[in-house]
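What follows is each chain in one-letter form.
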Amino acid sequence: MEYVYAALILNESGEEINEDNLTDVLDAAGVDVEESRVKALVAALEDVDIDEAVSEAAAVPAGGAAAGGAAAGDAGGDEGDEEEEAEETSDVPDTTDEDDDEDDDAGGEGLGELFG
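Our subject in this report is the structure included herewith. Given the structure is predicted, the values throughout are model-derived calculations rather than measurements.

Another point: the overall build of the protein. Looking only at helices and strands, the protein has seven helices and zero strands in total. Counting from the amino terminus, the protein carries its helices and strands in the arrangement α-α-α-α-α-α-α. Considering the protein as a whole, with its 116 residues, one finds that 9% of them fall into the buried category. Within the protein, residue pairs in contact and separated by at least 24 positions form 40% of the contacts whose partners lie at least 6 positions apart. Working note: accessible area of the protein is about 9,200 Å², and carbon and sulfur atoms make up 49% of it.

Attention now goes to the nonpolar core. Residues Y3, A6, A7, L10, L22, L26, V31, V38, L41 and V42 constitute the largest nonpolar core, which totals ten residues. Mapped onto this core, the elements with two or more residues apiece are α1 (2-13), α2 (19-28) and α3 (35-44). Per-element tally for this core: the top contributor is α1, with four residues. Beyond its immediate stretch of four places on either side in the chain, L26 contacts E2, Y3, A6, V31, V33 and V38.

Here we come to α1. An ideal rise of 1.5 Å per residue puts 16 Å on twelve residues; α1 measures up with 16 Å between its terminal C-alpha atoms. Those residues of α1 that are buried lie in contact with α2 and α3. Following α1 by one or two positions, G14 has its phi on the positive side, about 85°.

Overall, the coordinates contain one salt bridge when judged by the stated rule. A salt bridge links E35 to K39; the nearest nitrogen and oxygen atoms lie 3.4 Å apart. Placement of the pair is E35 and K39 together in helix α3, with a separation of four residues, close to one helical turn. Judged by its relative accessible area of 39%, K39 is partly exposed.

So, how was this worked out
- Residues numbered from 1 in each chain as written.
- Predicted model: local features only at pLDDT ≥ 70, side-chain atom pairs only at ≥ 80, totals over all residues.
- Heavy atoms only, no water.
- Helix = DSSP H or I, 4+ residues; strand = E, 2+ residues; numbered from the N terminus.
- Buried < 20%, exposed > 50% of the residue type's maximum accessible area, 1.4 Å probe, protein only.
- Contact = heavy atoms within 4.5 Å.
- Areas by Shrake-Rupley, 256 points an atom, 1.4 Å probe, with all protein chains shown as cover.
- Core = buried A, V, L, I, M, F, W, Y, C linked by side-chain atoms within 4.5 Å.
- Expected span 1.5 Å × (residues − 1).
- Salt bridge = Lys/Arg side-chain N within 4 Å of Asp/Glu carboxyl O.

Structure follows, in structure tokens:
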């Protein structure tokens, strides 16, 4: 990501994005520069309008994936149906008893009968 950030800095400052400038920015940031990555990035950005790409990326809402998931859920039907399904499929017994001591004693007696 440091390489892309360096290219964005050069673009914002109006400098040409070339190997020398990109290497200088990365060196100034204390990044161990890999010449092959610098060359690849410069080649990849050769025909890219960075300002346009940034403005298109900024136009996408940050919660785009979450909003899409919510829309897909709404398309499936009414919210009331989903709540009913959740209640119907809950076959797990309620284990939140307040009288845990009584349950422990009863369980011990049952084991005593089995092994006694």
